[in-house]
Protein chains: 2
Amino acid sequence: MSHLNHAPNPYLLYLVTDDKQDLDTLVNVVRQAVAGGVTMVQVREKHGDVREFMARAFAVKKALEGTHVPLIINDRVDVALAVDADGVHLGQTDMPAAVARQLIGNEKLLGLSIENHQQLQECANLPIDYIGLSAIYPTATKTDTQTYWGLNGLRYALDHCTLPIVAIGGIDSSNVPSICETGVDGLAIVSAISHAKDPQKAAHDLRQLIAQHHGKR
Amino acid sequence: MSHLNHAPNPYLLYLVTDDKQDLDTLVNVVRQAVAGGVTMVQVREKHGDVREFMARAFAVKKALEGTHVPLIINDRVDVALAVDADGVHLGQTDMPAAVARQLIGNEKLLGLSIENHQQLQECANLPIDYIGLSAIYPTATKTDTQTYWGLNGLRYALDHCTLPIVAIGGIDSSNVPSICETGVDGLAIVSAISHAKDPQKAAHDLRQLIAQHHGKR
């Protein structure tokens, strides 16, 4: 859908930010993560303060200037338009993808979280650029998940969906090798980068692991 | 700012919906309220479920079809665009008015809640159509308010702001006469209509009170 021309595979190592980190920490994490090899950044804010959401999105956008790393906004299409982000990521209770696509046009990336098999089947007909397969494993970041895809579910999704797939949920260096060997297009990471003592090294090490273990889809 | 051509004064009796009422109750309240004389309806939803927000906004829009009563969406510009509402109402932590105006264009109404004197001063330079002076009196609907304008504050605002002013907060039949006599452009009501046993009669009685007591600004 998108005509954007980013890195060969912008999904490879996809940082999703932590809305509980303050602005300085957020910007520092993003800068370091990108220096370490992160290929895409999603700003996710779950509080209701839009002005703060915009301030954080603008700060991340500034941190990404000149890096060619796309900025994705979670949920709020209006915030994505306001900060002229590169795309929007939707959950299943967010705006329907077709409506969001109409509002953002064809030039921006549009992603959708897929949480079960029915959603996986439906996504073939949606005007989206990629799916976030959620959640692969349990994670402290998101505690309302009903089921987990695991490696078998991920392989099933890769076999039954032609869109790029980003795996999300409980991913860290311990399970990156097995996840990558499925041939998945990208890994979305929150804690393993944002909460690392050295986010740059964490991102760098993850990129190396991905390069060593990346399978063919 | 807006080129809309609604009722002579769309602000006169402005219903703000209650997000705790279920969809059927919401639609019933809106239909009855409009039959009783409500001149504008704002859909306000404070939960995070956008798909439900859209469903409720669409249902209200359908209920308003053919009535010439404008539909206003609280906070979410993207939802307003998605349902093609007649306008957006912003709070002080929502998107800045200038940004929202850019996203919605010049044809839609844009309102802003004003909670203190500094905001009142600033609003003169903003691309908005009206202000909601919040809160006039204490109310169970909104419990985080710091100060109340009262009648004196309302008179001050009317003297120092040329935009249409809608009074909101704790307004019911007991205080409508004194509020109307200030010459305020409109009254925004939540509970006194939504929670009335007979919303149509409540709206009708409020319109009558307004007509009897409306002062010159």
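In this text, all values refer to a predicted model and were calculated from it rather than measured experimentally.

The next thing to look at is helix 4 (residues 97-104) of chain B. Among the residues of helix 4 of chain B, Ala97, Val99, Ala100, Arg101 and Ile104 of chain B are the ones counted as buried. Positive backbone phi, approximately 80 degrees, marks Gly105 of chain B, located one or two places after helix 4 of chain B.

Turning next to the layout of surface pockets. Space inside the second largest pocket adds up to approximately 210 Å³. Looking at side-chain class alone, the lining of the second largest pocket contains five nonpolar, three polar and six charged residues.

What follows is about the interface of chain B and chain A. Facing 19 residues of chain B, the contacting portion of chain A comprises 19 residues. Together, Arg51, Asp78 and Met95 of chain B form the three largest contributors to the area buried by chain B at its contact with chain A, with a combined 33%. Linking chain B with chain A are two salt bridges. On the surface where chain B and chain A come into contact, there are 13 residue pairs in polar contact (both at pLDDT 80 or more). Elements with a minimum of two residues in the side of chain B that touches chain A: helix 2 (50-64), helix 3 (77-82) and helix 4 of chain B. Residue contributions to the side of chain B that touches chain A peak at five residues, all from helix 3 of chain B. Of the residues that constitute the side of chain B that touches chain A, the class distribution is 10 nonpolar, three polar and six charged.

All names here are of chain A. Taking the numbering used here, the UniProt-annotated feature "binding site: Mg(2+)" (unreviewed entry) corresponds to Asp75 and Asp94. On the basis of their most widely separated C-alpha atoms, the annotated residues across 20 residues gather in one place, lying no more than 5.9 Å apart. In this fold, Asp75 is placed in the loop between strand 3 (71-74) and helix 3 (77-82). Residue Asp75 is classed as buried on the basis of its relative accessible area, which comes to 10%.

Working definition: two side chains of opposite charge can pair if their charged atoms are close together. All names here are of chain A. Scanning the model with the defined rule gives 16 salt bridges over all chains in all. Arg56 serves as the salt-bridge partner of Glu45, at 2.7 Å between the closest nitrogen and oxygen. A residue pair is termed long-range when its members are at least 10 positions apart, and Glu45 in the loop between strand 2 (40-43) and helix 2 (50-64) and Arg56 in helix 2 qualify at 11 residues. Residue Glu45 shares its accessibility class with Arg56, and that shared class is buried. A salt bridge links Lys201 to Asp205; its shortest N-O distance comes to 2.8 Å. Of this pair, Lys201 and Asp205 both sit in helix 9 (residues 199-213), four residues apart, which is roughly one turn of that helix. What makes Asp205 partly exposed here is its relative accessible area of 31%.

Along the polypeptide, Leu81 of chain A turns up in helix 3. C-alpha separation for the pair Leu81 of chain A and Lys108 of chain A, spaced 27 residues apart in sequence, amounts to 9.8 Å. In contact with Leu81 of chain A, other than residues within four places in its own chain, are Leu103, Ile104 and Lys108 of chain A together with Leu103 of chain B.

Quick look at the sheet that holds strand 1 (residues 13-16) of chain A now. All names here are of chain A. Ordered by their spatial adjacency, eight strands build a closed barrel running 1-2-3-4-5-6-7-8, and the pairing between neighbours is parallel. Across the sheet, the axes of successive neighbouring strands diverge by a mean angle of 25 degrees, strand direction being ignored. Here three bridges tie strand 2 to strand 3, and the two strands are oriented parallel to one another. Within strand 3, the residue paired with Gln42 across the bridge is Ile72. Seen against the sheet, helix 2 touches strand 2 and strand 3 and runs at an angle of roughly 165 degrees to strand 3. Those strands touched by helix 4 (residues 97-104) are strand 4 (87-90) and strand 5 (109-114), and its axis lies near 165 degrees from that of strand 5.

Another aspect to go through is the relation of the copies chain B and chain A. When chain B is brought onto chain A, the operation consists of a screw motion whose angular component is 180 degrees and whose axial shift is 0.0 Å, with 0.0 Å RMSD remaining. Taken together, the rotation and translation describe the operation of a two-fold axis. Closest approach to the rotation axis among the C-alpha atoms of chain B is made by Asp78 of chain B, whose C-alpha sits 2.4 Å away. The residues that chain B uses at the interface reappear at the interface of chain A in 100% of cases, marking a shared surface.

For the rest of this paragraph, the subject is the packing of helix 1 (residues 23-36) of chain B against helix 9 (residues 199-213) of chain B. Residue and element names in this part refer to chain B. Interaxial distance between helix 1 and helix 9 falls to 7 Å at its minimum, and their mutual angle equals 30 degrees. Helix 9 is crossed by helix 1, and the crossing has right-handed handedness. Within the contact between the two elements, helix 1 uses Val29, Gln32, Ala33, Ala35 and Gly36 and helix 9 uses Pro199, Gln200, Ala203, His204 and Arg207.

Turning our attention to the pairing of strand 4 (residues 87-90) of chain B. Residues and elements named next belong to chain B. Side chains Gly87 and His89 of strand 4 all project onto a buried face; the interleaved residues Val88 and Leu90 project onto the opposite face, where all are buried too. Pairing analysis gives three bridges linking strand 3 (residues 71-74) to strand 4, with the strands arranged parallel. Across the sheet, the residue bridging to Ile72 is Gly87, located in strand 4. The parallel pair strand 3 and strand 4, bridged by helix 3, forms a crossover whose chirality is right-handed. Summarising the sheet, strand 4 and strand 5 (residues 109-114) pair through four bridges and their orientation is parallel. By the bridge assignment, His89 is partnered in strand 5 with Gly111. For the crossover from strand 4 across helix 4 to strand 5, the handedness is right-handed.

Attention shifts here to unusual backbone geometry. With omega at -10 degrees, the peptide bond leading from Ser134 of chain A into Ala135 of chain A counts as cis. Within the secondary structure, Ala135 of chain A sits in the loop between strand 6 (130-134) and helix 6 (150-160). Despite not being glycine, Asp84 of chain A has its phi angle at roughly 50 degrees, a positive value. Residue position: Asp84 of chain A is located in the loop between helix 3 and strand 4. Asp84 of chain A sits in the partly exposed class, given a relative accessible area of 47%. Of note, the phi angle at His68 of chain B is positive, near 65 degrees, even though the residue is not glycine.

Analysis parameters
- Throughout, residues of each chain are indexed from 1 in the direction in which the sequence is written.
- A letter from A marks each chain and a number from 1 marks each ligand, given out in the order of writing.
- pLDDT decides what is reported in this predicted model: residues at 70 or higher carry local features, side-chain atom pairs at 80 or more are listed and counted, and totals for whole chains, interfaces and linings draw on all residues regardless.
- By convention in this description, side-chain values take in all heavy atoms of the structure and omit both hydrogens and water.
- Using a 1.4 Å probe on the protein chains alone, a residue whose accessible area is under 20% of its type maximum counts as buried, one over 50% counts as exposed, and one in between counts as partly exposed.
- Only DSSP runs of H or I reaching four residues or more are called helices, and only runs of E reaching two or more are called strands; each is numbered from the N terminus.
- Of the grid points, spaced at 1 Å and generated over the protein atoms alone, those admitting a 1.4 Å probe that cannot get out make up cavities, while open sets with protein on both sides within 12 Å along at least five of seven lines make up pockets; any residue with an atom within 4 Å of a point is treated as lining.
- Grid points are joined across faces, edges and corners, and a volume is the space filled by probe spheres set on the points.
- Under the scheme applied here, ten amino acids are nonpolar (Ala, Val, Leu, Ile, Met, Phe, Trp, Tyr, Cys and Pro), four are charged (Asp, Glu, Lys and Arg), and all others, including Gly, are polar.
- Contact definition: two residues touch when any of their heavy atoms are within 4.5 Å.
- When two parts are put together, the accessible area they lose, computed with a 1.4 Å probe and summed over both, is reported as buried area.
- Any carboxyl oxygen of Asp or Glu that lies within 4 Å of a side-chain nitrogen of Lys or Arg is treated as forming a salt bridge with it.
- Between N or O atoms, a polar contact is any pair within 3.5 Å; within protein, one atom must be a potential hydrogen donor and the other a potential acceptor, and residues adjacent in sequence are included only when both atoms are from side chains.
- UniProt positions are given in the numbering used here, feature names are shortened, and annotations may be inferred rather than shown by experiment.
- Whether two strands pair depends on DSSP finding at least two bridges between them.
- Fitted lines through C-alpha atoms serve as axes, helices being fitted only where they are in contact, and the angles separating the N-to-C directions of these axes extend from 0 to 180 degrees.
- Least squares is the method used to superpose the copies, on C-alpha atoms of residues holding a pLDDT of at least 70 in both.
- Left-handed describes a crossing whose near helix is turned anticlockwise from the far helix by less than a right angle; the clockwise case is right-handed.
- Call a crossover right-handed when, viewed with both strands pointing away from you, the route from the first strand across the helix to the second goes clockwise.

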